[in-house]
Amino acid sequence: MAHDTKETPGLNFDFWLTKAVEWGHADSVESQQDVCFHLPKLQEFLLQVHEALKHTNFTAAVKRFPLIGQLLGRLCRNTVVFASDESQKSLIWCLCCLYSSEPQSPVERKANKWIKNLLCHLFSCPEAGSSEESCLIQKLGCTPGYYFSELLNNMVSSLVAELGGNSLNRWNSQGRIIADRVKSMSVLCEALITMTDVSPLLEVLLTYHDFEVEETLSIHFLEAVNDALLQKKIVLSESALLGLWLRHLPSLEKATLHLIERLLSKRGASLDEMEHILEDSWLPQAACHPSIFGVVDEIFKNALLETDGSSNILAIIRLFTRCFVQSHQNDKVKHKVQLKAFFRRSHSSLVVALLQNPCDLPSATWCQHLKCISDMLKMEVEDTCTKSPTCAFDAWFLLVHFGHWVDIAAERLLLSNTDTANDLLWLLAFYYDPCSMCHKRNQTMMEARTVADRLLLIFGRIKLSLAELYDAVGPNTTSGHSGRDQLIRHLVLIFLMFSSGGVAVAKECIKQMTQTEAAASDVSNILAQTARILNIPGLKNERTMELAHELLREIQYVTKDV
């Protein structure tokens with residue numbers, strides 16, 4: 001196309017600007033008739049303007065058409081002109097072309113602000129009878145709500161069609177210009193994100209692909225979409241969510257932190273309720289993509305470090321892993337990444353052993369399986385000559401993901417007569433105190449073994465007093481927060497739920513064990529997880545499950561004012 005308007009027949013800019021001024025808002029019968037008469041030619045003119053604008057930048061466009069803003073503004077505010085599908089599409093396209101994705105001057109910034117304000121005005125429905133404009137709309141034979149809804153739908157369908165065109169999905173000589181247009185569209189959508197009718201455009205933008213090295217979509221647009229998503233103002237498809245989090249790492253990080261905060265705020269919520277929150281976030285499902293899993297897992301690791309191994313964070317990681325594994329197994333995608341590949345920092349044999357579902361193994365083989373896990377973890381962490389301190393943490397972090405095996409180890413230690421007791425004790429000692437050196441871990445194991453033996457001696461008593469239980473456990477073991485005390489607390493809880501005389505003293509003992517919020521969190525998480533594993537064949541016990549839930553309610557009552 002020529003760069004001079006005089007060289008292009010029909011591109012009579014001055015004529016149409018004069019007409020736009022004459023028409024005003026088309027609030028008289030005469031002006032409406034004149035608009036309708038000239039509308040076909042006007043639409044041809046707008047298409048030609050769009051063709052000229054889409055191959056240039058803002059500065060060149062204004063230089064060629066100095067009054068382009070005034071013309072487009074007047075035509076957009078002309079109700080009859082903008083009610084036409086074809087002219088509306090062309091006007092929106094022209095505005096997108098004029099919008100600067102990265103404004104370089106005050107003039108471009110001012111133009112951007114004007115375009116955004118114009119769009120907000122165009123797609124904000126006034127109340128019926130609140131203005132001359134709404135009265136005119138009613139004269140056209142429709143309600144203001146219907147009129148503005150149709151305008152928005154037409155704009156969205158137009159932009160979706162343009163984005164879906166072959167010219168935007170393959171690299172060509174206009175690739176850079178196309179990327180700028182897409183970025184402009186995303187910026188223009190910022191003010192309209194929460195409008196339901198804009199959802200198709202959000203979807204196609206978030207799933208748009210090109211060959212650009214840098215992100216095509218506006219960062220502010222991606223942030224606005226993520227904020228609206230977290231505030232439940234919009235709903236996106238799975239592919240759009242995946243596109244958002246893969247395109248914009250801060251959005252994924254913010255979504256993960258938001259999820260953690262939401263779960264931590266749900267004090268007293270059941271595991272089922274917390275799992276529902278996890279699944280509703282769609283992060284476990286999205287984590288089936290290795291890149292997303294890596295980011296989320298790193299955030300969990302940092303949360304553990306910052307909270308010094310908070311039991312609540314441990315519980316969240318375990319629940320997330322459970323939901324993630326389930327989503328991965330339900331994923332029907334061919335050639336998907338194997339589960340063990342998501343945990344690359346540890347030996348694959350250890351990962352495979354931890355990934356084994358207890359439900360798929362006979363309960364009689366659990367102790368032997370736990371021994372294998374314990375032996376492999378020892379190899380990972382106790383060869384101080386070749387292993388760095390980070391190896392121990394990475395191995396422990398892996399164990400945290402599959403903490404249900406730790407719960408089974410504590411249960412097997414007290415409920416089964418096994419020659420793998422030392423292996424189970426090592427696993428428990430490592431889980432509750434991963435940073436200890438070998439000699440300190442051995443000391444913890446010895447103390448825990450002493451307590452376990454004493455508990456076994458009174459395990460079958462039908463009548464048991466709290467004093468007798470305290471004598472068996474020893475002093476200062478029910479309120480401390482060291483790894484050793486947490487381990488012994490776990491054993492005591494198993495004893496209370498499964499022993500003959502534990503039921504009678506359970507509630508009183510729980511009161512003594514939950515004097516602080518931290519201790520209450522530890523006890524609640526152990527009880528909840530133990531109640532969960534009681535659904536596993538070989539462990540299922542309705543009486544014990546009922547007791548676990550009763551004790552959980554007791555903790556909520558005792559600690560409600562803590």
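Residues numbered from 1 in each chain as written. Predicted model: local features only at pLDDT ≥ 70, side-chain atom pairs only at ≥ 80, totals over all residues. Heavy atoms only, no water.

**Topic: the overall build of the protein chain**
Okay, so step 1: Summing up its helical and strand segments, the protein chain has 29 helices and 0 strands in all.
Okay, so step 2: When each of the 562 residues of the protein chain is scored for burial, the buried share is 50%.
Okay, so step 3: Taking the intrachain contacts of the protein chain between residues at least 6 apart in sequence as the baseline, contacts between residues at least 24 apart amount to 70%. (Helix = DSSP H or I, 4+ residues; strand = E, 2+ residues; numbered from the N terminus. Buried < 20%, exposed > 50% of the residue type's maximum accessible area, 1.4 Å probe, protein only. Contact = heavy atoms within 4.5 Å.)

**Quick word on the packing of helix H1 (residues 13–23) against helix H2 (residues 29–53)**
Okay, so step 1: Relative to each other, H1 and H2 sit at 150°, their axes nearing to 11 Å. On the basis of their axis angle, the class for H1 and H2 is roughly antiparallel. Like other packed secondary-structure pairs, H1 and H2 cross with a definite hand, here left-handed. Residues Phe 13, Phe 15, Trp 16, Lys 19 and Trp 23 of H1 lie in contact with H2, whose contacting residues are Ser 31, Asp 34, Val 35, His 38, Lys 41, Leu 42 and Phe 45.
Okay, so step 2: Considered class by class, the residues forming the contact of H1 with H2 number 7 nonpolar, 2 polar and 3 charged. (Axes fitted to C-alpha atoms, helices over the stretch in contact; angles between N-to-C directions. Parallel < 35°, antiparallel > 145°, perpendicular 65-115°, else oblique. Left-handed = near helix turned anticlockwise from the far one by under 90°. Nonpolar A, V, L, I, M, F, W, Y, C, P; charged D, E, K, R; others polar.)

**Structural notes on the packing of aromatic side chains**
The relative placement of two aromatic rings is captured by the distance of their centres and the angle of their planes.
Okay, so step 1: Here the structure, examined in full by the defined rule, presents 17 aromatic pairs.
Okay, so step 2: Among the aromatic side chains, those forming a connected cluster through ring pairs are Phe 13, Phe 15, Trp 16, Trp 23, Phe 45 and Phe 65. (Phe/Tyr/Trp six-rings, centres within 6.5 Å; stacked < 30°, edge-to-face > 60°.)

**Considerations on the pattern of salt bridges**
Side chains that differ in sign of charge can pair as their charged atoms come close.
Okay, so step 1: This structure, assessed with the given rule, holds 21 salt bridges.
Okay, so step 2: With a closest N to O distance of 2.4 Å, Arg 318 and Asp 407 form a salt bridge. Taken together, the residues Arg 318 in helix H18 (residues 311–330) and Asp 407 in helix H22 (residues 404–415) connect sequence positions 89 residues apart. Asp 407 matches Arg 318 in its accessibility class, with the two residues each being buried.
Okay, so step 3: Two residues, Lys 371 and Asp 375, come together in a salt bridge whose shortest N-O distance is 3.4 Å. You can see Lys 371 and its partner Asp 375 sitting in helix H20 (residues 366–381), 4 residues apart, about one turn around the helix.
Okay, so step 4: Look at Asp 375 and you get partly exposed, because its relative accessible area is 28%.
Okay, so step 5: Salt bridges linked by common partners bring Asp 272, Glu 275, Arg 322 and Arg 532 together as one network. (Salt bridge = Lys/Arg side-chain N within 4 Å of Asp/Glu carboxyl O.)

**Details of the environment of Met 274**
Okay, so step 1: Relative to the assigned elements, Met 274 resides in helix H15 (residues 271–281).
Okay, so step 2: If we skip the residues at most four places from it in the chain, Met 274 touches Leu 263, Ala 269, Ile 316 and Leu 319.

**Describing the packing of helix H17 (residues 290–306) against H18**
Okay, so step 1: Running from N to C, H17 and H18 cross one another at 165°; their axes reach a closest spacing of 10 Å. In this view, H17 runs roughly antiparallel relative to H18, as classed from their interaxial angle. The hand of the H17/H18 crossing is left-handed. For the pair formed by H17 and H18, the contact residues are Phe 293, Val 296, Phe 300, Ala 303 and Leu 304 on the first element and Ile 313, Leu 314, Ile 316, Ile 317, Phe 320 and Phe 324 on the second.

**As for unusual backbone geometry**
Okay, so step 1: Non-glycine residue Trp 282 carries a positive phi angle of around 65°.
Okay, so step 2: Residue position: Trp 282 is located in the loop between H15 and helix H16 (283–286).

**A word on the nonpolar core**
If you look at soluble globular proteins, the nonpolar side chains tend to sit buried side by side.
Okay, so step 1: With 175 residues, the main nonpolar core has Phe 221, Trp 245, Phe 324 and Leu 469 as its most contacted residues.
Okay, so step 2: Trp 245 has contacts with Asn 226, Leu 229, Ser 251, Leu 252, Ala 255, Ser 281, Trp 282, Leu 283, Ala 286 and Ile 292, leaving out every residue within four places of it along the chain. (Core = buried A, V, L, I, M, F, W, Y, C linked by side-chain atoms within 4.5 Å.)

**Quick look at the environment of Ser 90**
Okay, so step 1: As for its position among the elements, Ser 90 is in helix H6 (residues 85–98).
Okay, so step 2: On the basis of relative accessibility, which here comes to 3%, the residue Ser 90 falls in the buried class.
Okay, so step 3: Residues Ser 90 and Gln 48, spaced 42 residues apart in sequence, show a C-alpha to C-alpha distance of 9.3 Å.
Okay, so step 4: Those residues within four positions of Ser 90 in sequence are excluded, and the remaining contacts are Leu 46 and Leu 47.

**Things to note about the side chain of Ser 311**
Okay, so step 1: Inspection of the secondary structure assignment puts Ser 311 in helix H18.
Okay, so step 2: Within polar-contact distance, the side chain of Ser 311 engages the side chain of Asp 522 at 2.7 Å.
Okay, so step 3: Leave out the neighbours within four places in its chain, and Ser 311 touches Ser 521, Asp 522 and Asn 525. (Polar contact = N/O pair within 3.5 Å; in protein donor to acceptor, adjacent residues only side chain to side chain.)

**A few points about helix H11 (residues 199–206)**
Okay, so step 1: Of all 8 residues that make up H11, 6 are buried, and the element is covered over most of its length.
Okay, so step 2: Taken as a whole, H11 has its buried residues at Leu 201, Leu 202, Glu 203, Val 204, Leu 205 and Leu 206.

**Side note on H22**
Okay, so step 1: The end-to-end C-alpha distance of H22 is 16 Å, a good match for the 16 Å that 12 residues give at a rise of 1.5 Å each.
Okay, so step 2: Counting buried residues along H22, 10 of its 12 residues qualify, which places the element largely inside the surrounding structure.
Okay, so step 3: Along H22, the residues that are buried comprise Trp 405, Val 406, Asp 407, Ile 408, Ala 409, Ala 410, Glu 411, Arg 412, Leu 413 and Leu 414. (Expected span 1.5 Å × (residues − 1).)

**Some points on the confidence of the model for the protein chain**
Okay, so step 1: For the protein chain, per-residue confidence averages 81 on the pLDDT scale, and residues scoring 70 or more make up 82% of the total.
Okay, so step 2: Per-residue pLDDT stays below 50 along residues 1–10; that stretch engages in 19 contacts with residues further than four places along the chain or on separate chains.
Okay, so step 3: Within the model, the stretch residues 166–174 combines pLDDT values under 50 with 16 contacts to residues more than four positions away or in other chains. (pLDDT = per-residue confidence, 0-100.)

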